[in-house]
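# Architecture at a glance
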Amino acid sequence: MNKNYGNFPDPTAKTVEKMSKGYGTAYAKAIMGQWGGTESTTSLYQKRLKEFERARDYAQGTQSTQIYKQILNSLDPNGGQGTLLNLDWTPVPIVPKFVKIVVNKILSLKPYPNVEAIDPLSRGEKEMKKARTRAAIENKDFLKEMKSLGVSLKDDVDALPDTPEEAEIFIDTNIKVAAEIAAQIAANLTLEWNDFNDSTFRRAVEDLVVTGMAAVKRENDPNHGIVERYVDPSHLIHSYTEDPFMKDLVYAGEIRRMTIHELKRIAGNELSEEQWSKVASQIKNKWGNDASKLSKNYYDQRTGRQVYGYDEYSLEVLDFEFIGLDEQIYEEKMSQYGNIGFYYKGEEYKMPTQSVYDRKPVYMKTMCLYGGLYINGANLLLNYGKKHNQPRNIHDLSRTTLSYSIVATNLRRMMPKSMVTGIIGFADQLQITHLKIQQAIAKAKPDGIMIDIEGLDNVQLGAGGELSPLDLQDIYEQTGVMYYRSKNPEGGFQNPPIREINNTIRNINELIGLYNHYLRMIRDATGVNEAIDGSTPKSDALVGVRNQQAVAANNALYDITHASLVLYKRVVEDVIKCLQVLQSDSILYKTYEKAIGDSAMDTLKEFKKLPMYNFGIVVTTEMDDADKAYLEANIQQALAQREIDIEDAIAIRRLKDVDQAERLLIVRRAKRIKRQQEIAAQNSQIQSQAAQQASAAKAQADMQVAQTQAQFDMQKKQMEAQLEMQRMQMEYQFKLELEKIRGANAQEVAQASASIKKDVQVMQEDRKDERVKKQAEQQSKLISQRKGERGELELEDEDDFLSSLNKL
């Protein structure tokens, strides 16, 4: 064994030597020696354990109150135990509040892995796919016509973007080779099986905030597959490093408390029962083990095995692993056909003395992972050997990594500095101030009265006699009436015998100001200001001020946030590397194959090609509240101005990356504006065409009207001429008829005139005879009147007479 490596064995030893339990035991002892053991109070292990446990007590609000009692013991004359102080020593839960705020803020980012293949093969494949997609976008209209004709296309034409800018976003977010899809599905599936995001990662983030360190271990369980197990940093040990992300670790492990029964299950037949009994005798008085159970054993008929009482004993086990450097020898040999081949020869090689073909050895250094369980104090090593399914990069098979993913913040001299440890001093001062406030309240006196006994002495009440001061006080308390003497016995004046005393709490305002001061100090140290926890929101605070406070908080918490994302990335990288080295005939490989095949049948065949690719992991987080608010404000403004549609807003909100969302908003907005401009141009063109058509129609209508008017005028003139001719003809006929009528009428008139004349002559003769007759009658009546034979003649008769005269 080479002594130049201190207590550690030679890392360049042969594989056979490193596989021996002696080598593993020596390595485990060297690890324990470097950390100073687990029981020494001065060891690095105990120092870190005490620091972490102290920070966790403050983070839970359950820290020891002894320090506060010692500070306030001057007020307690009975030994500094605080027994005479009426105080509530329960710590103020300020630190737990800040821990929860920071942890929840980091978890609200909701990280998720984005798997990118970075090897030349996948890059070429991706570039070809991008070129094909760009060609499809450029010929989108032609492809639509082909689709309308019933041609089957590989890509969904309707889902393709319309502009080159939108195409770039589409290519960045959607173009992935099948191997990338298979790897990402497998990684997400593994994390989901392990409940990583909701359980393990949450505990790791809380450890980063509280202790300043977080660790996760990957285990290849044949029954449960790839398991990402939480590791308590209080029990974590690792090789010396100043790198907070632990990339240069040579070994790592953890001190685990396990029972002998559990170790028997893991070790199998490695140790005999006599050896287990010897181990139990060494730890019978440690770690709470009952020494009386050492000799108890019986046969369990139900299980059919011998049960030993010491199986319940718990002991400390170092679960460790380290990276060893193995040398493999290959022989370069030329065949009879002139081809050069490489042949594995193991670790031992002897050049043949007589060889027909050229030969020469080729040495290859390869990192391998060894590990096991070392029982501390018993000098026993279990389950030791070379690890299976070691994660390796397919393009660099000589390197491997530990199963532990470890990150820390502010690491110095192997001791991390956490947010909680940085505010413990302020939390103590705040707690002491809180206790002093209680003390001031406890010492405060209630409002009372001050009584002058001399003024109340021997007060005379007449026949009732005298009252003592106590009697007067009772009367005052019950009735509010006070009897007293205004003069003393010498006759001098005196003050009122009873005066009120107003008491206040001493220094209460100063203590409250001091409490707020230490609270501000905690805020300054953590970076969790009022804008982050929302404790004192101000309605009149400007948006810019709130944004500045949010940025300040993000800057203060950047170390913790970045470390958590690095841990997430390391875990995903480790998972994918393990997936690449799975044996194709293993049950776990079949399980992944079925799971991936059920969710994405196209990637089923690509799962077998994973070892051919080299993957890079980019941990992407969702937008924080500030980015979401900023993006939503832009979306609402664009919607209000009708620069995007509601479908565009939905597509933008679905993106998790704020940069891509803003790019898509710009593209969709420009696309919408261009579409509106095109619609406006089309409307203008349509209106122009409509105006031209209306003008042409009007001109044609005017021409038709003129033609119609001319035809109408011609027809009118023709009708007028025709009517005039008809009128003249009718006039001629009328005149002809009129002349005929006139001739006939003249003849009839002549005949009628002759007949009338004849009738007139006859009538005249008749009338003449009648007049003569009437005259004779009238004369006879007059004669009779004169003779007095009759009266006056009647008027009617007179009228008739006159009329008859007139007729004559």
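A brief look at the structure comes next.

Definitions and limits used
- Residues numbered from 1 in each chain as written.
- Predicted model: local features only at pLDDT ≥ 70, side-chain atom pairs only at ≥ 80, totals over all residues.
- Heavy atoms only, no water.
- Buried < 20%, exposed > 50% of the residue type's maximum accessible area, 1.4 Å probe, protein only.
- Helix = DSSP H or I, 4+ residues; strand = E, 2+ residues; numbered from the N terminus.
- Pairing = 2+ DSSP bridges.
- Axes fitted to C-alpha atoms, helices over the stretch in contact; angles between N-to-C directions.
- 1 Å grid on protein atoms, 1.4 Å probe; cavity = no way out; pocket = protein on both sides within 12 Å on 5 of 7 lines; lining within 4 Å.
- Points joined across faces, edges and corners; volume = space filled by probe spheres on them.
- Nonpolar A, V, L, I, M, F, W, Y, C, P; charged D, E, K, R; others polar.
- Parallel < 35°, antiparallel > 145°, perpendicular 65-115°, else oblique.
- Contact = heavy atoms within 4.5 Å.
- Arc of directions from axis to C-beta.
- Core = buried A, V, L, I, M, F, W, Y, C linked by side-chain atoms within 4.5 Å.

### So, the pairing of strand β8 (residues 314-334)
- In terms of burial, β8 is a largely internal element, 15 of the 21 residues being buried.
- Where strand β5 (residues 251-259) meets β8, nine bridges bridge the pair, whose relative direction is antiparallel. The residue of β8 that forms the bridge with Ile255 is Leu318.
- The sheet contact formed by β8 and strand β10 (residues 359-375) spans 17 bridges and is antiparallel. Bridging from a neighbouring strand, Gln328 pairs with Met364 of β10.

### Brief notes about the sheet that holds strand β12 (residues 404-408)
- One open sheet holds the three strands; their spatial order is β3-β2-β12, and the pairing between them is antiparallel. Of all the strands in the sheet, the pair left with one neighbour each is β3 (225-231) and β12. Across the sheet, the axes of successive neighbouring strands diverge by a mean angle of 15°, strand direction being ignored.
- Bridging between strand β2 (residues 213-221) and β3 involves seven bridges; their strand directions are antiparallel. Residue pairing for β3: Val216 is matched across the bridge by Tyr230.

### Structural notes on empty space enclosed by the protein
- Overall, the coordinates contain two cavities of 30 Å³ or more when judged by the stated rule.
- What lines the largest cavity is Tyr58, Gly61, Gln63, Pro91, Val92, Pro93, Ile94, Val95, Pro96, Ala427, Leu430 and Gln431.
- Listed by contribution, the elements that provide at least two residues to the lining of the largest cavity are α5 (94-107) and α13 (419-443).
- Here the residues of the lining of the largest cavity are counted per class, giving nine nonpolar, three polar and no charged.

### A few points about the packing of helix α3 (residues 44-60) against α5
- At a closest axis distance of 6 Å, the pairing of α3 and α5 adopts a crossing angle of 95°. By the angle class used here, α3 and α5 are roughly perpendicular. Across from Tyr58, Ala59 and Gln60 in α3, the residues of α5 making contact are Val95, Pro96 and Val99.
- Its residues placed into classes, the contact of α3 with α5 shows five nonpolar, one polar and no charged.

### What about helix α11 (residues 260-267)?
- Buried within α11 we find Ile260, Leu263, Lys264 and Ala267. Along the long axis of α11, the arc covered by the buried residues comes to 105°, so they all point the same way.
- Immediately beyond the C-terminal end of α11, within one or two residues, lies Gly268, with a positive phi of roughly 70°.

### Concerning the nonpolar core
- Counting 63 residues, the largest nonpolar core has Ile94, Val99, Val102, Val407, Val420 and Leu430 as its most contacted members.
- Considering every element that reaches this core, the biggest residue donor is helix α18 (residues 558-580), with 11 residues.
- The contact partners of Val102, leaving out residues within four places of it in the chain, are Val209, Met419, Val528, Leu557 and Ile560.
- Judged by nonpolar contacts, the second largest core, of 23 residues, contains Trp35, Tyr370, Leu381 and Met414.

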